[in-house]
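# Chain and residue survey
Here's the letter readout for the chains.
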Amino acid sequence: MENVQRNTKGELLPIEEIKDMNIYEITFSPTGGTKKVADFLATELSQEIRCIDLSNGNEDFHKFSLTNEDTAIVAIPSYSGRVPSTAAERIAKIQGNGAKAVIVCVYGNRAYEDTLVELQDIVLQAGFSVIGAVVAIAEHSIAHRYATNRPDKEDYEHLRAFAEQIGNKLRRNDFSTPAIPGNRPYRKAAPTGIVPKVTKACIQCGLCASKCPVGAIDKNNPAKVNKKVCISCMRCITVCPHHARKVNGLLLAIVNMMLKKACTVRKECELYL
């Protein structure tokens, strides 16, 4: 097989130049699990990575405009089998302009249901061309006993192999869209409602408020949360240096019990090309 790829002008690109082509890493990752997966895939594909943080509520996403020579990894967590509405709204503001997209869904070992096919629809509407999809597992953002310390060594081995196959597809100049699992219409979105509470350890540093993806925490009084705005992403718990925010113990016990059957068996990463 010829070890080259042609660009949109028909010019040949040596394989070593492909490694330096622009990769946009577009990620919504409030607790960091999704970003671990996206970071790994991006670095396996390129040394030139531009990051767009969909978790940043202060960013103007309208300013991002890609070209049809760019490739994007668009990665989001699955929230009850759906794309987080916040991520969907922000992806829609980005101008894809025909850029190739590898969509990535990360979930906490329960199920991802219609997340991937919904993400496909969202990026298509934003002007991207979907050429591949990856499903990966990360530690559950609420019930940490499930998928603990994932992605793990075995996951990364799968993801490395996936990145190689994705790279090979790009080198073949194959921009076909794979069949993506999921249902249309999508499953009904589950309501949020798990709002972390402030404990006595809080020193009102305000970090949780500044990092909240949706601005649900009062900057002047971090103990005050707008429950209607909160998306239960658990970022405030993750970023607090004093471990001063927690989910109600009884509620957490109920969540753990509800997830036990579905989350006990280890799920594996998936690739769609």
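Everything below is about the structure printed above this text.
Here, residues in each chain are numbered from 1, in the same order as that chain's written sequence. Where local features are concerned, this predicted model is filtered to residues with pLDDT of at least 70; where side-chain atom pairs are given and counted, the filter is 80 or more; whole-chain, interface and lining totals use all residues. Water and hydrogen atoms play no part in the side-chain values, which are based on all heavy atoms of the structure.

Right, let's get into the pairing of strand E6 (residues 100-107). Only protein chains enter the accessibility calculation, which uses a 1.4 Å probe. A residue is then buried if its area is under 20% of the maximum for its type, exposed if over 50%, and partly exposed in between. By the criteria applied, helices consist of DSSP H or I runs no shorter than four residues and strands consist of E runs no shorter than two, each listed in order from the N terminus. By the criterion of burial, E6 is predominantly enclosed, with 8 of the 8 residues buried. Both faces of E6 are covered, namely the face carrying Lys100, Val102, Val104 and Val106 and the face carrying Ala101, Ile103, Cys105 and Tyr107. Where strand E5 (residues 71-77) and E6 come together, 7 bridges link them in parallel fashion. Residue pairing for E6: threonine 71 is matched across the bridge by lysine 100. As paired elements, E6 and strand E7 (residues 129-137) share 8 bridges and run parallel to each other. In the strand pairing of E7, valine 104 is matched with valine 134. When DSSP finds two or more bridges between a pair of strands, those strands are recorded as paired.

It is worth spelling out the pattern of salt bridges at this point. One speaks of a salt bridge when a side-chain nitrogen belonging to Lys or Arg is within 4 Å of a carboxyl oxygen belonging to Asp or Glu. Applying the stated criterion across every chain, the model contains 14 salt bridges. Put simply, glutamate 118 and arginine 82 hold a salt bridge, and the shortest N to O gap is 2.8 Å. With glutamate 118 in helix H4 (residues 115-125) and arginine 82 in the loop between E5 and helix H3 (85-91), this residue pair connects regions lying 36 residues apart in the sequence. For glutamate 118, a relative accessible area of 7% puts it in the buried group. The partner of aspartate 155 in a salt bridge is arginine 266, and the shortest N-O contact between them spans 3.5 Å. Of this pair, aspartate 155 sits in helix H5 (residues 153-171) while arginine 266 sits in the loop between helix H8 (249-263) and strand E10 (270-272), and the two are 111 residues apart along the sequence. Taking relative accessible area as the criterion, aspartate 155 reaches 0% and is therefore assigned buried.

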